[in-house]
Amino acid sequence: MRRKRKDRESGGAECEAESTAVDYLPIADHGVIGDLRTAAVIGIDGRIDWFCCPRFDSPSVFGSLLDADGGGVWSIEQIDGDVTTRQFYLPDSNVLVTRFMSDDGVAEVQDLMPLVEAGRTDHRTRIVRRFECVRGAVRFRTVVAPRLDYGRAAHSLELDGDTRAQFTGADLTLHLAATQPLIQNDDRSVTAEFEMSVGESATFVLAAEPISEECFELDSSPDIVHSTVDFWQSWVSQSDYTGRWREMVHRSALVLKLLTHEPSGAIVAAVTMGLPEEIGGERNWDYRYVWIRDAAFSLYALLRLGFTSEAAEFMKWLTQRFCGETDESDNRGPLRLMYTVDGEMPPAETVLDHWAGYRGSSPVMFGNNASDQLQLDIYGELIDSVYLFNKYGAGISYESWDQLCAVAGWLTENWDQPDQSIWEPRAEPQNYVYSRLMCWVALERMIRVSRQRGLPGDVAGWMSTRDEIFAQIMDRGWNDKLEAFVQTLDSDQLDASLLLIPAVKFLSPTDDRFVKTLTALEEHLVSDSLVFRYDAAEGSDGLAGSEGTFSLCSFWYVEALTRSGRVAEARLALEKMFTHANHLGIYAEQIGVNGAQLGNIPQAFTHLALISAAINLDRRLGD
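Every value quoted in this text rests on a predicted model; they were computed, and no experiment measured them.

Student: When you look at the sheet that holds strand β28 (residues 549-550) in this model, what are you seeing that I'm missing?
Tutor: Hydrogen bonds along the backbone pair up the strands of a sheet, which may run parallel or antiparallel. Here we have three strands laid out as an open sheet, ordered β28-β29-β30, and antiparallel in their pairing. For this open sheet the edge positions go to β28 and β30 (597-598), each flanked by a neighbour on one side alone. Inspection of the sheet shows β28 paired to strand β29 (residues 590-591) by two bridges, in the antiparallel sense. Bridge pairing links Thr 549 to Ile 591 in β29.

Student: Teacher, can you tell me more about the packing of helix α5 (residues 292-305) against helix α7 (residues 377-392) here?
Tutor: For any two helices packed against each other, one specifies the inter-axial angle together with the distance between the axes. Here α5 crosses α7 at 25°, and the two axes come no closer than 8 Å. When the axes of α5 and α7 are compared, the pair comes out roughly parallel. For the pair α5 and α7, the crossing hand works out as left-handed. On the side of α5, the interface is formed by Ile 292, Arg 293, Ala 296, Phe 297, Leu 299, Tyr 300 and Leu 303, while α7 contributes Asp 377, Ile 378, Glu 381, Leu 382, Ser 385, Leu 388, Phe 389 and Tyr 392. Residues that form the contact of α5 with α7 fall into these classes: 11 nonpolar, one polar and three charged.

Student: I would appreciate a short explanation of helix α10 (residues 459-476) in the present structure.
Tutor: Along an α-helix, residues three or four apart share an orientation, since each turn contains 3.6 residues. Taking 1.5 Å of rise per residue, the 18 residues of α10 would be expected to cover 26 Å, and the 25 Å separating its terminal C-alpha atoms lies within 8% of that figure. The complete set of buried residues in α10 reads Val 459, Trp 462, Thr 465, Arg 466, Ile 469, Gln 472, Ile 473 and Met 474. Buried residues along α10 sit against α8 (398-414), α9 (433-453), β24 (478-479), β25 (484-485) and α11 (512-524).

Student: It is not clear to me how the side chain of Arg 288 should be interpreted in this structure. Could you clarify?
Tutor: The topology assignment puts Arg 288 in the loop between β19 (266-267) and β20 (290-291). Here Phe 56 takes part through its backbone oxygen, which lies 3.5 Å from a polar atom of the side chain of Arg 288. Side-chain polar atoms of Arg 288 contact the side chain of Asp 286, separated by 2.9 Å. Those residues in contact with Arg 288, other than ones at most four positions away along the chain, are Trp 50, Cys 52, Phe 56, Asp 57, Ser 58, Tyr 150, Val 268, Ala 270, Val 271, Thr 272, Met 273 and Phe 366.

Student: I tried to follow a negative patch on the surface on my own but got confused; where do I start?
Tutor: Among the surface-exposed residues, Asp 82, Asp 103, Asp 104, Glu 195 and Glu 200 lie close enough to one another that they form a single negatively charged patch. Secondary-structure assignment places Asp 103 in the loop between β9 (96-102) and β10 (105-112).

Student: Which parts of the structure should I look at to understand the pairing of strand β13 (residues 164-169)?
Tutor: Working note: regular strand, side chains alternate between the two faces of the sheet. Examined bridge by bridge, strand β12 (residues 155-159) and β13 share five bridges and lie antiparallel to one another. Each residue of the ladder has a partner; that of Glu 158, found in β13, is Gln 166. Hairpin connection, β12 to β13: the antiparallel pair is bridged by four residues, and Gly 161 has positive phi, about 75°. Looking at chain direction, β13 and strand β14 (residues 173-178) are connected through five bridges and run antiparallel. Note on β14: the bridge partner recorded for Ala 165 is Leu 176. Between β13 and β14, which pair antiparallel one after the other, the connecting turn spans three residues.

Student: Looking at this model, I keep getting lost on the nonpolar core. Mind explaining?
Tutor: Across soluble globular proteins, nonpolar side chains have a tendency to be buried as a group. Core analysis: the largest hydrophobic core is formed by 200 residues, its most contacted members being Trp 50 and Trp 556. Val 97, Ala 207, Ile 224 and Val 225 belong to the second-largest nonpolar core, a separate cluster that totals 13 residues.

Student: Would you explain the state of the cysteines in this entry?
Tutor: Here a disulfide denotes one covalent bond, and it connects the sulfur atoms of two cysteines. As enumerated under the stated definition, the model contains zero disulfides in all. For Cys 439, which is in no disulfide, the shortest distance to another cysteine sulfur is to Cys 405 and amounts to 16 Å. Judged by relative accessible area, Cys 439 falls into the buried class, the value being 0%.

Student: Just to check I follow, could you spell out the environment of Glu 278 for this structure?
Tutor: Of note, Glu 278 is situated in the loop between β19 and β20. Residue Glu 278 is classed as partly exposed on the basis of its relative accessible area, which comes to 25%. Along the backbone, Glu 278 and Ala 137 are 141 residues apart, and their C-alpha atoms lie at a distance of 43 Å.

Student: What exactly am I supposed to notice about the side chain of Asn 284 here?
Tutor: Relative to the helices and strands, Asn 284 is located in the loop between β19 and β20. In this structure the side chain of Asn 284 is engaged in a polar contact, spanning 3.1 Å, whose partner is the backbone oxygen of Pro 363. Leave out the neighbours within four places in its chain, and Asn 284 touches Gly 274, Leu 275, Pro 276, Glu 277, Ser 361, Ser 362, Pro 363 and Met 365.

Student: Any chance you could explain the pattern of salt bridges here in plain terms?
Tutor: Where side chains of opposite charge bring their charged atoms close, a pairing between them can arise. One pass over the full model with this rule turns up 38 salt bridges. Note that Arg 244 is salt-bridged to Asp 618, the shortest N-O span being 2.6 Å. Pair noted here: Arg 244 is in the loop between α3 (222-236) and α4 (246-258) and Asp 618 is in helix α14 (residues 604-621), with a separation of 374 residues, a long-range link. Here Asp 618 falls in the buried class, since its relative accessible area comes to 10%. Across the pair Glu 547 and Arg 533 runs a salt bridge, and its minimum N-O distance is 2.5 Å. Of the two residues, Glu 547 is situated in the loop between β27 (530-531) and β28 and Arg 533 in the loop between β27 and β28; the sequence distance between them amounts to 14 residues.

Student: Just to check I follow, could you spell out the packing of α4 against α5 for this structure?
Tutor: Packing of α4 against α5 leaves a shortest axis separation of 11 Å and a crossing angle of 130°. The angle between the axes of α4 and α5 places the two elements in the oblique class. Note on packing geometry: the crossing formed by α4 with α5 is left-handed. Judged by residue contacts, Val 249, Ala 253 and Leu 256 of α4 engage Ser 298, Ala 301, Leu 302 and Leu 305 from α5. Tallied by class, residues from the contact of α4 with α5 come to six nonpolar, one polar and no charged.

Student: Looking at this structure, I do not really get the packing of aromatic side chains. What am I missing?
Tutor: Aromatic ring pairs are defined here through the distance separating the ring centres and the angle between the ring planes. Enumeration according to the criterion identifies 28 aromatic pairs in this entry. Geometrically, the ring pair formed by Phe 131 and Phe 140 is edge-to-face, given 5.3 Å between the ring centres and 70° between the ring planes. Considered together, Phe 131 and Phe 140 belong to a single accessibility category, that of buried residues. Linked through ring pairs, Phe 100, Phe 131, Phe 140, Phe 194 and Phe 204 together constitute an aromatic cluster. A cation over an aromatic ring shows up here: Arg 251 above the ring of Tyr 89, its NZ or CZ 4.0 Å from the ring centre.

Student: Explanation requested: the pairing of β10 in the structure shown.
Tutor: Most of β10 sits out of view: eight of its eight residues are buried. Side chains Gly 105, Ala 107, Val 109 and Asp 111 project from β10 onto one buried face, and the interleaved Val 106, Glu 108, Gln 110 and Leu 112 project onto a second face that is buried too. Looking at chain direction, β9 and β10 are connected through seven bridges and run antiparallel. Along β10, the bridge assignment pairs Arg 99 with Glu 108.

Rules behind the numbers
Throughout, residues of each chain are indexed from 1 in the direction in which the sequence is written. In view of the model being predicted, local features appear only for residues whose pLDDT reaches at least 70, and side-chain atom pairs are presented and counted only at 80 or more, with totals across whole chains, interfaces and linings using the full set of residues. Side-chain descriptors were evaluated using all non-hydrogen atoms of the structure, hydrogens and water having been removed beforehand. In this scheme, strands are said to pair when DSSP sees at least two bridges between them. Each helix is a run of H or I in the DSSP string that is no shorter than four residues. Each strand is a run of E no shorter than two, and both are numbered from the N terminus. A fitted line through C-alpha atoms represents every axis, and for helices the fit uses only the stretch in contact; the resulting angles, taken between N-to-C directions, go from 0 to 180 degrees. If an angle is under 35 degrees, it is roughly parallel; if it is over 145, roughly antiparallel; if it lies from 65 to 115, roughly perpendicular; otherwise it is oblique. Each crossing gets its handedness from the near helix: less than a right angle anticlockwise from the far helix is left-handed, clockwise is right-handed. Here, two residues are considered to be in contact whenever any of their heavy atoms come within 4.5 Å of each other. We call Asp, Glu, Lys and Arg charged. Ala, Val, Leu, Ile, Met, Phe, Trp, Tyr, Cys and Pro are nonpolar, and the rest, Gly among them, are polar. Under the convention used throughout, the expected extent of a helix is 1.5 Å for every residue step, that is, one less than its residue count. Only protein chains enter the accessibility calculation, which uses a 1.4 Å probe. A residue is then buried if its area is under 20% of the maximum for its type, exposed if over 50%, and partly exposed in between. Here a polar contact is taken to be a pair of N or O atoms separated by no more than 3.5 Å, where protein atoms must pair a possible hydrogen donor with a possible acceptor and residues adjacent in sequence count only if both atoms sit in side chains. Grouping into patches uses exposed residues only, defined as over 30% relative accessible area, and leaves out salt-bridged ones; the cut-off is 9 Å for like charges and 5 Å for nonpolar side chains (Val, Leu, Ile, Met, Phe, Trp, Tyr). Areas reported as accessible are Shrake-Rupley estimates using a 1.4 Å probe. Residue values count occlusion only from the protein chains shown. Salt bridges are defined by distance alone: a side-chain nitrogen of Lys or Arg within 4 Å of a carboxyl oxygen of Asp or Glu. We treat Lys and Arg as the positive residues and Asp and Glu as the negative residues; His and chain ends play no part in the count. Every charge is mapped onto a representative atom, which is NZ of Lys, CZ of Arg, CG of Asp or CD of Glu. Think of a nonpolar core as a cluster: buried Ala, Val, Leu, Ile, Met, Phe, Trp, Tyr and Cys residues, connected wherever their side-chain atoms sit within 4.5 Å. Count a disulfide wherever a pair of cysteine sulfur atoms falls within 2.5 Å. Aromatic pairs are defined between Phe, Tyr and Trp rings, using the six-membered ring for Trp, whenever the two ring centres lie within 6.5 Å; interplanar angles under 30 degrees are classed as stacked, those over 60 as edge-to-face, and all others as tilted. Placement of a charge over a ring requires the Lys NZ or Arg CZ to be within 6 Å of the ring centre, with the centre-to-atom vector within 35 degrees of the ring normal.

None of the figures reported here should be taken as evidence of function without further support.
Below is the structure:
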């Protein structure tokens, strides 16, 4: 039976399910659970429509987020009557609750990937779905329909008694255990239908390892929910933040922790891949990797909140990236801009042409070819975070310092060349001002650390190059006609990344040149506190189509207003940005013209910028 619902991203018109378009929830209508190895994306109707196993960048098990028909899904439906749903996280945790409400009663589904203790070597990745009836009597149907390897691999299905099933593929076997009878739908999926009254519950567990009776008994108990909530609450309680926006800041911190790969210490940019920056467009990237830039900014945000152990673990991971010999013929430098969680190069982009894409947004690809780009700005973001780690954390080791000196030496010889910079366009490299700015930051912070710690280094050489970069930015990065710093040397295009000029201490926030730049950005790139990255209307970034406003830049705008003394405007802009979060306080990458979230979710970049903006504005507002 077809069920009607509103497709809000299409403007709210009620549509019959004649096409697959209505089978896609709005991107914002999702929450995320995880176990610091991988994560699952869960719709407001209870469906799991994205899950990669056993880690973030593994092939998908459930992928209906990117192909409603062939991606695979774990669906939930309350049978009988008109049903409405609500979602929330159990306080200060990443345990997600979906409430189903109808005339027959009210039920909750608690979704979690259990975590009991940090650093356990015997950790088991599994999804636990616990159903509870809290009022009346309700009936549920749940269908578990995986499609392995992005829907490309066949699998067999075998039932073991009434309550266990096994999905066996060439490279992955999934084990399902339940407290309710399972019925084989076809050769690839199972269904369970059951009724519950007040106080009754049902549990389903999906794991990549066999589920023993002892383990299933543990996962079927309410204790597993309590212990996982305790894990998250204990972690977030270490935060130093006590300001006005605690709920939003701590939710952002929990998101950043959720994006952390505990075994390695790396931080991925997002859980998902392929979600579009424009509905129907081609800007559909795979974000399940470790961007040096994003991870460095995340390190900064976590340090600001007092989470020093995460910073230390990331520093260990980062130090290992310096260990290899640099090929002098390779002008991409001693660091790549992105890695897998274990430090390898991400795979080349591979098109999944059998998938339709989110609401027809194709191509759908895994892998990311931007990994081959030169992006000089990453050195500034990285070394700035190292500087903060040295200031607020345990301090950098001599081995790491020695490696950073080699990086700084390479940078003094290579900073003045075209690159793709922070927005990684698919066009020819250019002389980006933001990259020059961050090269200045890299050398300026190396000088600071050397002086603060008395560590040896080519301080005179770093100072000379730093000053040369400064002079170039002031001379060729400034446009007299626009009265603003511009995107590339000697150009007339604006770029929101230059909102960071005062934040990185390049100029005072009240310096006339920055004040005028802020005014120009407000005139051309700001739309009611929402900020576009740059003007890409003419395809100057090498891609067709356009995109929404970039939420990261909107929080940078808040911080720029704060630092410039426009505190009331900053507070209003921040509060407006909070209204663009989804019902759980989560942000995707961008916001469309109709207010819909666009791009991959949850995006680390956005949440770390929220943390920084809130902390700085709190400080300026005072008690």
